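Working through the structure, step by step
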Amino acid sequence: MTEQHRYGHGGNMYRYSPEERTKLTDFSANINPFGVSAVGIAACRDWARAIQHYPEPESRTATAAVAAFYDVPAEQVMLGNGATELLYLWFAEHKPPVLYVPAPTFSEYERAGIASGAEIRYFSRADFDALPLRVQAGEAVCLCTPNNPTGELLAANELQRWATAAQAGRWHVLVDESFGDFVTDFPSAKPYLAGNPYLHILHSLTKFWAVPGLRIGALFTAADTVQALRAKTDIWNVNAMASLYITAALTDRAYYERTRRFLRTEIKRVTALYRELPGWEVYPPTANFMLLRLPAPRLAAEFTQALARRGFLIRNCDNYPGLTAAHIRVAIRSAAENDALYAAICEEIRSIP
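This section reports on the structure supplied with the text. Here the residue numbers are simple positions, counted from 1 along each chain's written sequence. Reporting in this predicted model follows two pLDDT cut-offs: at least 70 for local features of residues, and 80 or more for side-chain atom pairs to be given and counted; totals over whole chains, interfaces and linings ignore these cut-offs and use all residues. Water and hydrogen atoms play no part in the side-chain values, which are based on all heavy atoms of the structure.

Another point: the overall build of the protein. Numbered from the N terminus, helices here are DSSP runs of H or I no shorter than four residues, and strands are runs of E no shorter than two. Tallying secondary structure elements over the protein gives 13 helices and 13 strands in all. Throughout, radius of gyration means the C-alpha value; the globule benchmark is 2.2 Å times the number of residues raised to the power 0.38. For the protein, the C-alpha radius of gyration of 20 Å lies close to 20 Å, the compact-globule estimate for 353 residues. The principal-axis extent of the C-alpha atoms belonging to the protein is close to 60 × 55 × 35 Å. Partly exposed describes any residue whose relative accessible area lies between the buried limit of under 20% and the exposed limit of over 50%, with all areas from a 1.4 Å probe on protein chains only and scaled to the type maximum. Taken over 353 residues, the protein has a buried fraction of 54%. Residue contacts follow a heavy-atom distance rule, with two residues in contact if any of their heavy atoms lie within 4.5 Å. Restricting the contact set of the protein to residue pairs at least 6 apart, pairs at least 24 apart contribute 73%. The protein carries 35 positive and 36 negative side-chain charges, and their two centres are separated by 3 Å. Charged residues are defined narrowly, with Lys and Arg counted positive, Asp and Glu counted negative, and His plus the chain ends left uncounted. One atom stands in for each charge, and that atom is NZ of Lys, CZ of Arg, CG of Asp or CD of Glu.

This next bit is on the environment of valine 98. In this structure, valine 98 sits in strand β3 (residues 98-102). Between the C-alpha atom of valine 98 and that of alanine 137, which follows or precedes it by 39 residues, the distance is 9.9 Å.

Now for a nonpolar patch on the surface. Each patch groups residues whose relative accessible area exceeds 30% and which form no salt bridge, using 9 Å between like charges and 5 Å between nonpolar side chains of Val, Leu, Ile, Met, Phe, Trp and Tyr. Throughout, the Shrake-Rupley method with a 1.4 Å probe supplies accessible areas, and for residues the shown protein chains are the sole cover considered. A pairing counts as a salt bridge when a side-chain nitrogen of Lys or Arg comes within 4 Å of a carboxyl oxygen of Asp or Glu. Judged by side-chain polarity, Tyr54, Ile235 and Trp236 come together as a nonpolar surface patch covering roughly 340 Å² of accessible area. When you line up the elements, tyrosine 54 lands in the loop between α4 (47-50) and α5 (60-70).

On to the pattern of salt bridges. Counted by the stated rule, this structure contains 15 salt bridges. As a salt-bridge pair, arginine 161 and aspartate 129 come within 3.3 Å of each other at their nearest N and O atoms. Placement of arginine 161 in helix α8 (residues 156-169) and of aspartate 129 in the loop between β4 (119-123) and β5 (140-144) is noted, with a sequence separation of 32 residues between them. Accessibility expressed as a relative area gives 31% for arginine 161, which makes it partly exposed. Through salt bridges with shared partners, a single network forms among Arg125, Glu152 and Glu158.

Looking now at the nonpolar core. Within soluble globular proteins, side chains that are nonpolar tend to cluster in buried spots. Residues enter a nonpolar core if they are buried and are Ala, Val, Leu, Ile, Met, Phe, Trp, Tyr or Cys, with the set joined through side-chain atoms within 4.5 Å. By size, the foremost hydrophobic cluster in this structure holds 60 residues, and its most contacted members are Val66, Leu79, Val141, Leu199, Leu205, Trp209 and Phe220. Apart from residues lying up to four places away in sequence, leucine 199 is in contact with Ala163, Val173, Val175, Ala189, Tyr192, Leu193, Phe220 and Thr221. If you look at the next biggest cluster of nonpolar residues, it comprises 24 residues, including Tyr274, Ala300, Ala326 and Ile328.

On to the sheet that holds strand β8 (residues 217-220), then. Two modes of strand pairing occur in sheets, parallel and antiparallel, and in both the strands are linked by backbone hydrogen bonds. Read from one edge of the open sheet, 7 strands run β2-β8-β7-β6-β5-β3-β4, paired in mixed fashion. The sheet terminates laterally at β2 (77-80) and β4, the two strands that pair on one side only. Each neighbouring strand pair of the sheet contributes to a mean axis angle of 20 degrees, computed without reference to strand direction. Note on pairing: DSSP must find at least two bridges between two strands before they are called paired. Here β5 runs beside strand β6 (residues 172-176); their pairing, made up of 5 bridges, is parallel. Note on β6: the bridge partner recorded for valine 141 is valine 173. Between N-to-C directions, angles cover 0 to 180 degrees, with each direction set by a line fitted to C-alpha atoms, over the stretch in contact for helices. Along the sheet face, α8 touches β5, β6 and β7 (199-204) and points at about 150 degrees away from the line of β6. Here helix α9 (residues 223-230) sits on the sheet and contacts β2, β7 and β8; the angle it forms with β2, its principal contact strand, is near 35 degrees.

Structure (structure tokens):
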């Protein structure tokens, strides 16, 4: 497997010509099915004037908005050019000698750890309970909830146990909650941040708020860590448009609740559809994506290419450690789009002898 494939992601529309892109529906990236917040877009209407000035240093207005929305003290919030930038900054600062990564999960944890010199050690769900007893001081563990790509949620008591163990053992636990906004009654690790410098929470703001092209993410961590990272980061690391958009969008409660309300019912409906496919394994989704395993002898690489020819991009998951060459992931988009993808998949199945 090439490095490019090993660390590949969904959402890469640029593999196709501009004309081809207009004919494709992207189910390979997991973005809010309602698109951008109208309130956020309204705040960006005077973009021509906004881009003639430098962004606000350290994005203080946007930081205050994010802190208020997620109920975290502003001094414990750092914004970045997407959550991935913050991930790399965190690893560059802490440089853990060993990084424990669940399999399967988001590949950038491993890549950021390698970039900082960490030895990567995978662990499975079966190792979950015993692992905190093995991690040594200075080492790090990455957790993702809901996990990408399986959708598995960690319970509040599990998160508390990890946070407590990390503090007692003086090792770090980095919890990625980037898809948490999509989950009603989401069990977050944020209540365990207070007084714990070994718990760090990563949160993409581009997925739920539907602006992956603008790039904005948040890191919730100890105030001392925020200060250390800011001392090594460009004070304009979040652009003016991203700051304007997120500050306004976070006030759009109607958009927020509408998204959650829709997904509560659409997830159940879409799951029931895919469970009708003979031989397919359906991983119960909790957020706006679903992991599937194709029946033998179908391969994910071939199946994703076939769906692209039908106008749908889905995620080939054969590059995730812990998954197989038969795993795919599909986003949950609008009801009409979900039905169109399902119909295309059924047609593709029928076309294969």
